[in-house]
Each structure stands twice: as structure tokens, then as C-alpha cells.
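# Secondary and tertiary structure notes
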Amino acid sequence: MVDTEAAYRNASGAGVTASSEQRCRCRPAWTGDSCQTERDPCAEHDPCGADWRCRRDPDRPLGLSCGCEARPGWTAVSDLIPTCTRSLRRTKRSSAMDVCVRMRICKNGGTCRSQGFRFQCDCAPGWRGNRCQWRAAVVEERNVALQSCIKYRLCKHGGTCVPLRDREFKCLCPPGWKGVGCKTPDVAGGSVSSQVQLCQRAGSCKNGGTCLPAGNAFRCACANGWKGNLCDKVANRQLELCQRAGLCKNGGTCLPAGNAFKCACADGWKGNFCDKVANRQLELCQRAGLCKNGGTCLPAGNAFKCACVNGWKGNLCDKVVNRQLELCEKAGLCKNGGTCLPAGNAFKCACVNGWKGNLCDKVVNRQLELCEKAGLCKNGGTCLPARNAFRCACANGWKGNLCDKVVNRQLELCQRAGLCKNGGTCLPAGNTFKCACVNGWKGNLCDKVVNRQLELCQKAGLCKNGGTCLPAGNAFKCACVNGWKGNLCDKVVNRQLELCEKAGLCKNGGTCLPARNAFRCACANGWKGNLCDKVVNRQLELCEKAGLCLPAGNAFKCACAEGWKGNLCDKVVNRELERCQKADLCKNGGTCKEATSSTYQCACVTGYTGMSCQIPPKPVNTALQNCIKLQLCQNGGTCEEFGNTAYKCLCRGGFSGVTCQVPPKPVIPPALRRCQATRACKNGGQCAVSGTGFKCICTEDWEGSSCSSHVNLCTEKGPCQNGATCLYDTRKGFDCRCPPAWQGETCQFARDPCKTLECGNGFACSRDPTSPAGYSCDCGSRPGWGATSGQ
């Protein structure tokens, strides 16, 4: 049974009569036919926000509360608006209307309207809800009952379907009608207050209009600037023009002002049409274009600031952002006193005198530049700096200041004349040379074959059917291609024959014999059958497979059982052969032949191959034949077919190249590779293997572990001339200390000290190489005068 008392408590108290049934209109916190089931409005709509917790409260008009009283100084806006707000003392200025206006509770252009100690929101066209928070279209779409009312025209006699709650609707009846669906005539004139009340609930009077009684119906008292039965038409033409034409610029809003309009300007703008900037400096910036290069003038208090586009900076966006130039200046990329200068979006270095290079990291060496331009270092030598001069790092086999002297004449002759044959390499051996031969060759000039039998195999083609001659000690062996075997690859691999011999498929002393790519059994006396597993019975031979012997004149004939044929029913019917012949499985003129008693094979015409003779004959590869005939593949290489008209060489022993003419590259040990990569050997020195490490082989003018010390040239026949003193210098090998009368790198040029010295007292000065001072005074030309000393 239904608890009618509980249902009444949970219902709104007024039933809705439809036909003869009574239905309960439930409070927001209850649901069900008799309002017996609890409902949580917070699950469908949470008006409290992130800082407050929505909870079900059956005593509240909306069935929920936000718990505002739990925090001191907070309270709900009203019973119908549970949103929490700061508590306001009730004064004339702090009424519910003031709270609505100050808190901007009516959203989306809604207007606060006072109702005694409460207020309600008059929503703008297109909006619904207690706070005008929902679009009317959304509300109507979600209200299934309202959609059904509109679709099936449930409100009769011109009644209007209006939403009542989220899931309910109400009929707004015209004068003279009342009841559910406006089906009952209003004989008594109807209840004016109910019509007005229904108008107020549904918000029928739009844009701040007020519902007033009008006989048996209601009428709308429109707010200023609006007109129409429902106050949904603008009465101000100028205001309408303002809104349509967007006369209020820069985000300004058109507002009514009597029969005209006024503009409510956004922050930073002023004027009747909001077309004047309120910031003088900002206005100046925009007029004068103070923000350069695409920058935008933005307000900054009473002044302005520039928002620069990418690639520009500065207060007025007048400085180029050069990331590379900034990096150059911060990291000091321009060395040796160089200056970072802009170069487009990059930078360049302005070098001081004596330096050059992109980063001013190279010394200006005029002689070195002359060496590189004129190619003074000959025969592959390299120009290297040496103080303010240059020196030559010579290639292997050359020496001299300009690398113009050959170190080893015989080695040079070997390399030029190609004395090392068959891919051998000329290597130095003291003042002569030696040949490093490739695999398979020997002799001083690599002109002798190591394996004669291997050479004979390759020349005569002893390995048949595509086999390859390979060395085997002092002899040779053949590497056969798939399907061939034997010492010379001259025997066909018969898998079935091998299986017959291994498994002993031929019984009773039978012998396995080859039969093309299969096998057959040669039976001993007294046995027969494919596998020699049947005894020979002479009497049963006649019609041995027949079900019945039949007379045929003076003789007989055999009626064979299914699957057998022949005069004596001694042959098995080959179904596969019959299928081949009927379906013409052998293509290109091929013929179906019996292979075994139960299989077939195609006998192809000349040139065609394949299981069904489907592979056409290959064209003759003339290039491959010429390669084999002329032995174009060198150093043991083998000619192989490449496509249908070409060939390629299969190289062996590390050789490479089109004809295997390139000898194998020597394997470089890691220590030697590290030496070469780091250029550990200086001044033209060569890296060489030494145990597990490396050593430097220096040129004749250098010495030391890294060839960084010049050979001491201060020998008995040193470079210093004219009595100069030779001192050892690690950089060039010598340093000549010249007598006063001589100068130059080796003291080879005469010097006259008298150009900078004088004898005094009018005596003549003359260069004198024999004098320790390098000059002498003509003191004897005057009586009583003489030199002070020999110095």
C-alpha cells in the first residue's frame, strides 16, 4: 500500500488533476509516483562551486544547500539561490535587491527585480533559469515533457507550452480557458491571480516586463525601450540601429537613453562611440606608430608599452634579436681581441691586425699563404706554419725543404712500372723495395701461383654444373651448387634414391636403382612389385587383379576391378596422369608422361622448364660467356649471371671491384687507428704498430717519440758559415750566432757594422771580418794614434 500521509508530506501539497486520476507533484528532494523515493538534486546540478559542498536538504525550496552557515560570515543568497556570499547587514542599501545587483547574480544580461524581501531574475531573450544561467534552447531540449507538449500540441485552444521545471511543463491558457491542457471552459472568469502567477513563473514578459492582470488573462508592462505583447520587441529605433550597426566601437555596449542610446565603453576607451583612447600616451603611440617593426601599443597604467613581434626587442621594438650575436658576445667566440659584429641574423668577427679566420683564431702568415698558393711543397707535401715562416711536411718517399728529393729510387720505379704483379703492393725495404703479394701468389714480384692444381681447375673448369674451384692445401676442391654432388660436382643429388638406400625400401633382396629424380626396385628372383614385396605366382598372374575371368572366343579376357587396367589387370590406373591429360596441365607443348603409378610429370619441349613447362627458355647471356671465356674476373674471382644479359664477379680473398682488381684493405689495429686519428706523429712522421701500441717513424729531419724535435744539425759540417757558432734549436735543428761582420739564418750574408757605429775623432771606419768587432778604424793614418784593443 502507498503511504498517503508520507506522500503528502513529500509532495508540494497541490495535486494535478488529469482525467480522473490524481498525480503527486513532488518536492525537489523527492521523486516517484507518490514521492516516496529520495532524490539528490546535487547529482544533476551543483550551484555551489568548487569551494563549497552541495548536499541534499529536503527542507529547502530547491531540495539542496551549500552549507554556507558552516563558515562564519557566510550565508546563502536566498532560499531560491543557495550560492554562498558574505553576510550583509540588512540596511536600506543592503536589501536582497542590492545583493542581486552587487553579486551580479542574474547572468547573461538578466535584470534583478525586487519582490518584497526577495528578488527574481528577469532573463534576456534566449535565457532561462533562476539566475538566467541556461540557454532557453538547452533548457527546452533537456525538458522532454515540454518537447512532447510542443510536438503533440497538448495545450489546446491556443494555449502555450511553457517549461515549469527541468522535467515538467505548464499550459499558459488564453482568456476563457483553464485546466490541464486548456481543455476546460472558464465560465466563472478564471482566477486572475493564477494567470498572473503563471506568467511570473514562466517569465512570459521578457526583457524586464511585468506581469499584470487583464480581465481573465494577463498583460505585460514593458520596461523602457521594449514593446510588444510579451515585451520582446525593441521600442527604440536608434538603440536598435546601434546594436545592428555596432556603433559602439572597441567593445562598447549599446544602452537605452530615453528614445536614443548611449555607449558604455570598455576600459581604456571613451567618447560618444567609444572610439577615443582614454590614455594620452597610448593614443600618441598608436597615432605616431611609436612601436616599430610590427609592434603593438598596449596600455600600461597611464602610459604604454610595446608588445614586439618575434625577432625584435627594446622599449620601442627597434632592436633586432640576434641570438647568435648574443651568444658570440657572451661566450667570447671571436678570439684574440676580435669583435662580434652583426651579419644578418648571424654574426661575424672583426679581427685585429695579425689574425684571421671566421673566429680570428688563425695567425696571418704571409709566407705560409705564399706556400699554399704557389704550391711550394712538391710531390704531395703539406705547407705547415713555422713561426712567421713555413715548413714542408713531405709525403712518404720524399724529403728536402720543399719535398723535391726522392728518398727511394727503386721504390719509385716499382710503383711507376707496377713491378709487383697480380695485385701485389710495393713496400719500402731499406733503400730498395719488396712486394707484398695477395693470397694465391708468391715470388719476389708476385708472379708465381701458389697452387698449380687450383690454377688448372680454374682454367679448365674442372668443377662442373656451376661448381667453384676452392683451394685445399696444395690441391683443390669443388664447392657444388644445390642439386649436385661428387668431387667434380658431376653427379645429380637424388633424394628419393638416397632415402631408398638408407631405409631399405626395396624388400626381399631388391636393389635401389636411379629412375630420373626418383628410384625403382630391381627385384630378386621370385619377387615382384614396386617395392619387391609380392611373391611371383605364375598361376595367379592371369587376371590377378580381376574380379572375374571371362571367355573371349578361344581365349579369355579379364574384367578388372576399379583402379586397375591392362590385359591382365596388372597396371594401376594413374588418376593424376588422366587429370593432367584432360586438363592439359603441361603448357607450351609439353606432354603428360607417367612418372610413377600414381604421379605424372611433364615432358617439356626444348628450352622450357618447370613443373608445368611454364618457364620460357632463358636468352643466351653473351656477357657471361665472354666473362668465363676471357677470364675477366681476376684474382680467383668467379663469373656469375646478373640478370639475363649481364654478369658480375664473385670476388674471393678480400678482393673487390668490378673485376676483383682491388686488393684487400689492410686491417688497421686500434692503436694505429688512434695514432692516425689524433695525428700523434708530428712533422710528417708516420704511425706504425709497436707491440700493442704504436710508434712514430720520423722523417730524416725530425726525431723524438712524436717527431716533435728537430734533428740536431750542429754537426762538424753544420749549416753555420763564416765562423758562426752553432747552437741546437728543437724547432729547426740549429741556431747560428753570427760574428759582427756577418748576418742571415746561416750567417751567409755580409754585414757592415760601420753603418751603425763610428770610430770617432774623424777616423774612417771599414768592415773587417778578421776583427772580433767586425770592423776597424784607420787609426794608423795619423801619427800618434792607435786602436784601443782588438775588441
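Source: prediction; values computed, not measured.

What counts and how
- Residues numbered from 1 in each chain as written.
- Predicted model: local features only at pLDDT ≥ 70, side-chain atom pairs only at ≥ 80, totals over all residues.
- Heavy atoms only, no water.
- Helix = DSSP H or I, 4+ residues; strand = E, 2+ residues; numbered from the N terminus.
- Buried < 20%, exposed > 50% of the residue type's maximum accessible area, 1.4 Å probe, protein only.
- Contact = heavy atoms within 4.5 Å.
- Areas by Shrake-Rupley, 256 points an atom, 1.4 Å probe, with all protein chains shown as cover.
- Core = buried A, V, L, I, M, F, W, Y, C linked by side-chain atoms within 4.5 Å.
- Pairing = 2+ DSSP bridges.
- Disulfide = S-S within 2.5 Å.
- Polar contact = N/O pair within 3.5 Å; in protein donor to acceptor, adjacent residues only side chain to side chain.
- pLDDT = per-residue confidence, 0-100.
- Phe/Tyr/Trp six-rings, centres within 6.5 Å; stacked < 30°, edge-to-face > 60°.
- Lys NZ or Arg CZ within 6 Å of the ring centre and 35° of its normal.
- Patch = residues over 30% accessible without salt bridge, like charges linked within 9 Å, V, L, I, M, F, W, Y side chains within 5 Å.
- Salt bridge = Lys/Arg side-chain N within 4 Å of Asp/Glu carboxyl O.

## Examining the overall build of the protein
When helices and strands are counted, the protein shows 16 helices and 66 strands. Classification of the 791 residues of the protein by burial places 27% in the buried group. When contacts within the protein are restricted to residue pairs at least 6 apart in sequence, long-range pairs at least 24 apart make up 19% of them. When the accessible surface of the protein is totalled, it reaches about 50900 Å², and 51% of it is carbon and sulfur.

## Quick word on the nonpolar core
The biggest cluster of nonpolar side chains holds 14 residues, and the ones touching the most others in it are V77, C100, I105 and F119. Mapped by element, the contributors of at least two residues to this core are α2 (96-102) and β10 (118-122). The leading source of residues in this core is α2, at three residues. Discounting chain neighbours no more than four positions away, the residues touching C100 are I105, C106, C112 and F119.

## Things to note about unusual backbone geometry
Not every positive phi belongs to a glycine, and N250 is a case in point at roughly 55 degrees. Along the polypeptide, N250 turns up in the loop between α6 (237-245) and β21 (253-257). What makes N250 partly exposed here is its relative accessible area of 37%. Even without being glycine, Q631 reaches a positive phi, approximately 55 degrees. Taking relative accessible area as the criterion, Q631 reaches 45% and is therefore assigned partly exposed.

## Some details on the environment of S781
Residue position: S781 is located in the segment after β66 (775-777). Remark: the alpha-carbon pair of S781 and F763, spanning 18 residues in sequence, is separated by 8.4 Å.

## Concerning the pairing of strand β42 (residues 475-479)
As paired elements, strand β41 (residues 468-472) and β42 share five bridges and run antiparallel to each other. Paired with C469 across the bridge in β42 is C478. Counted along the chain from β41 to the antiparallel partner β42, the turn is two residues long, and its residue G473 has a positive phi close to 65 degrees.

## Some remarks on the pairing of strand β55 (residues 638-642)
Two strands pair when backbone bridges link them, and β55 and strand β56 (residues 646-650) are joined in this way by five bridges, in the antiparallel orientation. Note on β56: the bridge partner recorded for E640 is K648. In this structure, the hairpin formed by β55 and β56 is closed by a connection of three residues, where G643 is found at a positive phi of approximately 75 degrees.

## Points about the state of the cysteines
In the structure shown here, the tally under the stated rule is 45 disulfides. A sulfur-sulfur separation of 1.9 Å characterises the disulfide bridge that pairs C377 with C392. Across the S-S bond linking C377 and C392, the dihedral sits near -85 degrees, which makes this disulfide left-handed. Linking C377 in the loop between α9 (366-374) and β33 (382-386) with C392 in strand β34 (residues 389-393), this pair joins segments that are 15 residues apart in sequence. Given a relative accessible area of 13%, C392 falls into the buried group. Unpaired in terms of disulfides, C779 finds its nearest cysteine sulfur in C777, a separation of 5.0 Å.

## Details of helix α15 (residues 622-630)
One side-chain oxygen at the N-terminal end of α15 lies 3.3 Å from the backbone nitrogen of A623; it belongs to N621. Taken from the residues just after α15, Q631 is the one with a positive phi, measuring 55 degrees.

## Some details on the confidence of the model for the protein
Looking at the protein as a whole, its pLDDT mean stands at 80, while 89% of the residues score no less than 70. Note that residues 1-8 has pLDDT below 50 and, in this model, four contacts with residues that lie over four places away or in other chains. Considering only residues more than four positions removed or in separate chains, one finds that residues 89-94, a stretch of pLDDT under 50, has six contacts.

## Concerning the side chain of N207
Among the structural elements, N207 can be located in the loop between α5 (192-202) and β17 (210-214). Within the structure, the side chain of N207 is placed 2.7 Å from the backbone oxygen of C231, a separation counted as a polar contact. Filtering out sequence-adjacent residues up to four positions away, N207 remains in contact with C123, A124, P125, A223, W226, C231 and D232.

## Remarks on helix α12 (residues 495-503)
Its side-chain oxygen placed 3.3 Å from the backbone nitrogen of Q496, N494 serves as the N-cap of α12. Residue G504 follows α12 closely and has a positive phi angle near 60 degrees.

## Considerations on the packing of aromatic side chains
The full count for this structure, using the stated rule, is one aromatic pair. Note on F261 and F273: the rings are 6.4 Å apart at their centroids and 50 degrees apart in plane angle, and the pair reads as tilted. Here F261, found in strand β22 (residues 260-264), pairs with F273, found in the loop between β23 (269-270) and β24 (276-277); they are 12 residues apart in sequence, far enough to count as distant. Under the relative-accessibility criterion, F273 is labelled partly exposed at 36%. The ring centre of W742 lies 4.7 Å from the NZ or CZ of R767, which sits over that ring.

## A word on a nonpolar patch on the surface
On the surface, V481, W484 and V492 cluster together into a nonpolar patch covering about 230 Å² of accessible area. When you line up the elements, W484 lands in strand β43 (residues 484-485).

## Digging into the pattern of salt bridges
Scanning the model with the defined rule gives 15 salt bridges in all. Linking R113 and D122 is a salt bridge whose minimum nitrogen-to-oxygen distance equals 2.5 Å. Just as R113 is buried, D122 falls in that class too. For R495, the salt bridge is made with E498, and the minimal N-O distance between the two is 3.9 Å. Of this pair, R495 and E498 are both found in helix α12, three residues apart, which corresponds to roughly one turn of the helix.

## Focus on the environment of A260
By the element assignment, A260 lies in strand β22. Linking A260 and N236, residues 24 residues apart in sequence, is a C-alpha distance of 6.6 Å. Apart from residues no more than four positions distant in its own chain, A260 is found in contact with N236, Q238, L239 and L255.

## Comments concerning the environment of Q686
Structurally, the position occupied by Q686 is in strand β57 (residues 686-690). Residues Q686 and C698, 12 residues apart in the sequence, show an inter-C-alpha distance of 6.4 Å. Polar side-chain contacts of Q686 include one of 3.5 Å to the backbone oxygen of G684.

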